[in-house]
Amino acid sequence: DTIKEQLKAARQSVLSQLVEEKVIITKGTELGYIPSDEELASDIEAEKEKFKEIYGGEEGLQQALEYYGMTDEKFDTFVTNIVKTEKVQDAVTKDITVTVSDEEVQQYYNDNIDKYTTKPGANAKHILFETEEEAAAAKAKIDSGETTFEDLFAEYEGNASSGIKPLAEDLGYVENEQENFDTDFLAGFKVLKEGEVSAPVKSSFGYHIIKVTDVVAEATVTPLDEVKDQIKSSLEYTKKNEAFTKQVEEWKNELNVKTYEDKL
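On a predicted model such as this, the values are computed, not experimentally measured, just so you know.

A few points about the packing of helix H2 (residues 37-54) against helix H4 (residues 72-93)
Now for step 1: Where H2 meets H4, the closest approach of the two axes is 9 Å, and the angle between their N-to-C directions is 110°. As far as their axial angle goes, H4 and H2 are roughly perpendicular. H2 and H4 meet at a crossing whose hand is right-handed. In contact with Asp-37, Leu-40, Asp-43, Ile-44, Glu-47, Lys-48 and Phe-51 of H2, H4 contributes Phe-75, Asp-76, Phe-78, Val-79, Thr-80, Ile-82, Val-83, Lys-84, Glu-86 and Lys-87.
Now for step 2: Partitioned by chemical class, the residues of the contact of H2 with H4 number 8 nonpolar, 1 polar and 8 charged.

Considering the sheet that holds strand E4 (residues 201-203)
Now for step 1: Read from one edge to the other, the open sheet built from 4 strands follows the order E3-E2-E5-E4, with strand pairing classed as antiparallel. On the outer flanks of this sheet lie strand E3 (167-175) and E4, each paired with one strand and no other. Taken over all neighbouring pairs, the strand axes of this sheet differ in orientation by 35° on average, direction set aside.
Now for step 2: Pairing between strand E2 (residues 121-129) and strand E5 (residues 206-216): 8 bridges, direction antiparallel. In the sheet register, Phe-129 faces E5, and the bridge partner there is Tyr-207.
Now for step 3: Where helix H6 (residues 132-144) meets the sheet, it contacts E2 and E5, and its direction lies at approximately 45° from that of E5.

Section: the pairing of E5
Now for step 1: Where E4 lies against E5, 3 bridges are found, and the strand directions are antiparallel. By the bridge assignment for E5, Ser-203 is matched with Gly-206.
Now for step 2: What sits between E4 and E5 in their antiparallel hairpin is a turn of 2 residues.

Here's the deal with the pattern of salt bridges
Now for step 1: In the structure shown here, the tally under the stated rule is 17 salt bridges.
Now for step 2: Note that Asp-102 is salt-bridged to Lys-228, the shortest N-O span being 3.5 Å. With Asp-102 in helix H5 (residues 102-111) and Lys-228 in helix H9 (residues 224-254), this residue pair connects regions lying 126 residues apart in the sequence.
Now for step 3: A salt bridge links Asp-143 to Lys-139; the shortest N-O distance between them is 2.9 Å. Residue Asp-143 and its partner Lys-139 are both found in helix H6; the two are separated by 4 residues, about one turn of the helix.

Topic: H2
Now for step 1: With 18 residues, H2 should reach 26 Å at 1.5 Å per residue; the first-to-last C-alpha distance of 25 Å fits that figure.
Now for step 2: Along H2, the largest kink reaches about 25° and is centred on Asp-43.
Now for step 3: Summarising the contacts, the buried residues of H2 are in contact with helix H3 (58-67) and H4.
Now for step 4: Just downstream of H2 lies Gly-56, where phi reads positive at about 80°.

Observations concerning unusual backbone geometry
Now for step 1: Backbone torsion omega between Lys-165 and Pro-166 reads 0°, so that peptide bond is classified as cis.
Now for step 2: One can find Pro-166 in the loop between helix H7 (149-156) and E3.
Now for step 3: In this model, Asn-180 sits at a positive phi of 65°, which is unusual for a non-glycine residue.
Now for step 4: Structurally, Asn-180 is set in the loop between E3 and helix H8 (183-189).
Now for step 5: Look at Asn-180 and you get exposed, because its relative accessible area is 80%.
Now for step 6: At Asn-256, a residue that is not glycine, the phi angle is positive and equals roughly 55°.
Now for step 7: Structurally, the position occupied by Asn-256 is in the segment after H9.
Now for step 8: Since its relative accessible area comes to 53%, Asn-256 is described here as exposed.

Notes on the layout of surface pockets
Now for step 1: Estimated volume of the largest pocket: approximately 300 Å³.
Now for step 2: Lining the largest pocket, in full, are Val-14, Gln-17, Leu-18, Glu-20, Glu-21, Ile-24, Met-70, Thr-77, Phe-78, Asn-81, Ile-82 and Thr-85.
Now for step 3: Among the secondary structure elements, those contributing two or more residues to the lining of the largest pocket are helix H1 (2-30) and H4.
Now for step 4: Here the lining of the largest pocket gets 6 residues from one element, more than from any other, and that element is H1.
Now for step 5: Here the lining of the largest pocket is composed, by residue class, of 6 nonpolar, 4 polar and 2 charged.

What counts, and at which threshold
- Positions within a chain are numbered from 1, following the residues in the order the chain's sequence is written.
- With the structure being a predicted model, the display of local features is reserved for residues of pLDDT at least 70 and the display and counting of side-chain atom pairs for 80 or more, all residues being used for whole-chain, interface and lining totals.
- Calculation of side-chain values draws on the structure's entire complement of heavy atoms; hydrogens and water are dropped beforehand.
- An axis is simply a line fitted to the C-alpha atoms; with a helix, the fit covers only the stretch in contact. Between two such axes, the angle follows the N-to-C directions and lies from 0 to 180 degrees.
- Helix numbers and strand numbers start at the N terminus; a helix is a DSSP run of H or I with at least 4 residues, a strand a run of E with at least 2.
- In this scheme, roughly parallel covers angles under 35 degrees and roughly antiparallel covers those over 145, while 65 to 115 is roughly perpendicular and the rest are oblique.
- Crossings are assigned a handedness: left-handed for a near helix turned anticlockwise from the far helix by less than a right angle, right-handed for a clockwise turn.
- Residue contacts follow a heavy-atom distance rule, with two residues in contact if any of their heavy atoms lie within 4.5 Å.
- We call Asp, Glu, Lys and Arg charged. Ala, Val, Leu, Ile, Met, Phe, Trp, Tyr, Cys and Pro are nonpolar, and the rest, Gly among them, are polar.
- Only when DSSP finds a minimum of two bridges between them are two strands counted as paired.
- For this document, the term salt bridge refers to a Lys or Arg side-chain nitrogen within 4 Å of an Asp or Glu carboxyl oxygen.
- To estimate the expected span of a helix, count its residues, drop one, and scale the result by 1.5 Å.
- The bend reported for a residue corresponds to the angle between axes fitted to the seven residues ending at that residue and the seven starting there.
- Classification of residues uses two cut-offs on accessible area relative to the type maximum, computed with a 1.4 Å probe and protein chains only: under 20% is buried, over 50% is exposed, and between them is partly exposed.
- Method remark: on a 1 Å grid restricted to protein atoms, a set of points is classed as a cavity if a 1.4 Å probe fits but cannot get out and as a pocket if it is open with protein on both sides within 12 Å along at least five of seven lines; lining residues have an atom within 4 Å of a point.
- Grid points are joined across faces, edges and corners, and a volume is the space filled by probe spheres set on the points.

As structure tokens, then:
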């Protein structure tokens, strides 16, 4: 029953996204907010490049599309709709003036102090192998100078999107007590020193060799002055986004949009 409710919520969310996209593009086209396809071409290509970068290049992107069952044609439509939606939002919000007070910035900082607190941890990269023997052999090559962790990482980085092992991933900053992380992985990770590469670490996913950099030993709080401008920009964007959301709701009413969630 729990899974049924989660599936229903997911379907409702997707339905809502599809409806909003359709409404935004319909009204955006009607109001002249969306340039011609020729004018959009460069923006569409730039958006595709972002996806290539996320998945480690053209090959990684193609593997991801295959994994998600998305054809090139569907991907083109998906990216084009992202660009068109952004054009409409930019057109609607460009003349909206919002103000954010120092008090609002301070309140946001106080309410989200955890966001500006760096807990003990480190930036982590790992290479995941199927067997302990494979991981140990890779570590031995690194220790002997036959290769480097970076070279092996580059060799296997393209496998991350497909899940084929060995695979290499940049995990970004990982806290020593990171939630939703394999506890055995964390046990092997948090004892590493700056720049150190671990011996094989067994987890529920296989065997890892891990490298850490920028180790943080104690929790540190970023002062408000260092993030004040960032918070202000974020709050301004939020207020503009709220105004855009309100406009989309008005468009839905104007277009007499109806959804039939009972058919999901």
